[in-house]
Amino acid sequence: MLYTICIALILVASVLVILAVLVQNPKSGMAANFGASNQVMGVRETTNFLEKFTWSMAIAIVVLSLAATLAMDRGLVADSNLEISKDAKALQERVIESEAAATMPQAEIPSAGQTEQQAE
C-alpha cells in the first residue's frame, strides 16, 4: 500500500516538475534577450518561487523513490530476482553455445577412398 502511494506521489511530483520547468524563463541564451521586459513588471519573485519549487519537487522525487524502494514487498523482489537470474543463465548458455559453434574449425575428414588416391 505504501509503495503504491509513493509511486503515485512520484508521478504527481514529476508532472509538477515538468510544468515548473516549462513555465520558467530562460536565464541565458538568445531567448533571454527577448524576455527582458518581463523583469520590469516584477516577475523576479515568481522566478525565485519557481526555482525553489523545482528544487523542492526534485528532492521530493528522490526521497519518495528511496521510500518506495524500502516499501517494496521482499517476496516479490526475491521472485523477480530469481526469474531474472534464470533468464540471465539461459542467455549466457546461448551465447556460449553460439561462440563455441562459431570458433570450431570446420575441416573435412577424408574418406578411405580419398586417402588411397592421394597415396598413389
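Anyway, here's the lowdown on the structure attached to this text.

Parameters and conventions
Residues numbered from 1 in each chain as written. Predicted model: local features only at pLDDT ≥ 70, side-chain atom pairs only at ≥ 80, totals over all residues. Heavy atoms only, no water. Helix = DSSP H or I, 4+ residues; strand = E, 2+ residues; numbered from the N terminus. Buried < 20%, exposed > 50% of the residue type's maximum accessible area, 1.4 Å probe, protein only. Patch = residues over 30% accessible without salt bridge, like charges linked within 9 Å, V, L, I, M, F, W, Y side chains within 5 Å. Areas by Shrake-Rupley, 256 points an atom, 1.4 Å probe, with all protein chains shown as cover. Salt bridge = Lys/Arg side-chain N within 4 Å of Asp/Glu carboxyl O. Lys, Arg positive; Asp, Glu negative; His and termini not counted. Charge placed at Lys NZ, Arg CZ, Asp CG, Glu CD. Expected span 1.5 Å × (residues − 1). Arc of directions from axis to C-beta. Contact = heavy atoms within 4.5 Å.

### Re the side chain of threonine 54
- Residue position: threonine 54 is located in helix 3 (residues 44-71).
- Taking the relative accessible area as the measure of exposure, threonine 54 reaches 15% and is therefore buried.

### A word on a negative patch on the surface
- A surface patch of negative charge is lined by Asp73, Asp79, Glu83 and Asp87.
- Note on placement: aspartate 79 falls in helix 4 (residues 74-103).

### Let's talk about helix 1 (residues 2-23)
- Compared with an ideal rise of 1.5 Å per residue, which puts 22 residues at 32 Å, helix 1 spans 32 Å between its outermost C-alpha atoms and is within 8% of the ideal.
- Buried within helix 1 are the following residues: Cys6, Ile10, Ala13, Val17 and Ala20. Relative to the axis of helix 1, the buried residues are bounded by an arc of 95° and lie together on one face. Helix 1 presents Thr4, Leu11, Ile18, Leu22 and Val23 as exposed residues on the side facing more than 90 degrees away from its buried surface.

### What about the environment of tyrosine 3?
- Tracing the sequence through the fold places tyrosine 3 in helix 1.
- Residues tyrosine 3 and leucine 70 lie 67 residues apart in sequence; the distance between their C-alpha atoms is 8.4 Å.
- Residues within four places of tyrosine 3 in sequence aside, it is in contact with Ala68, Ala71 and Met72.

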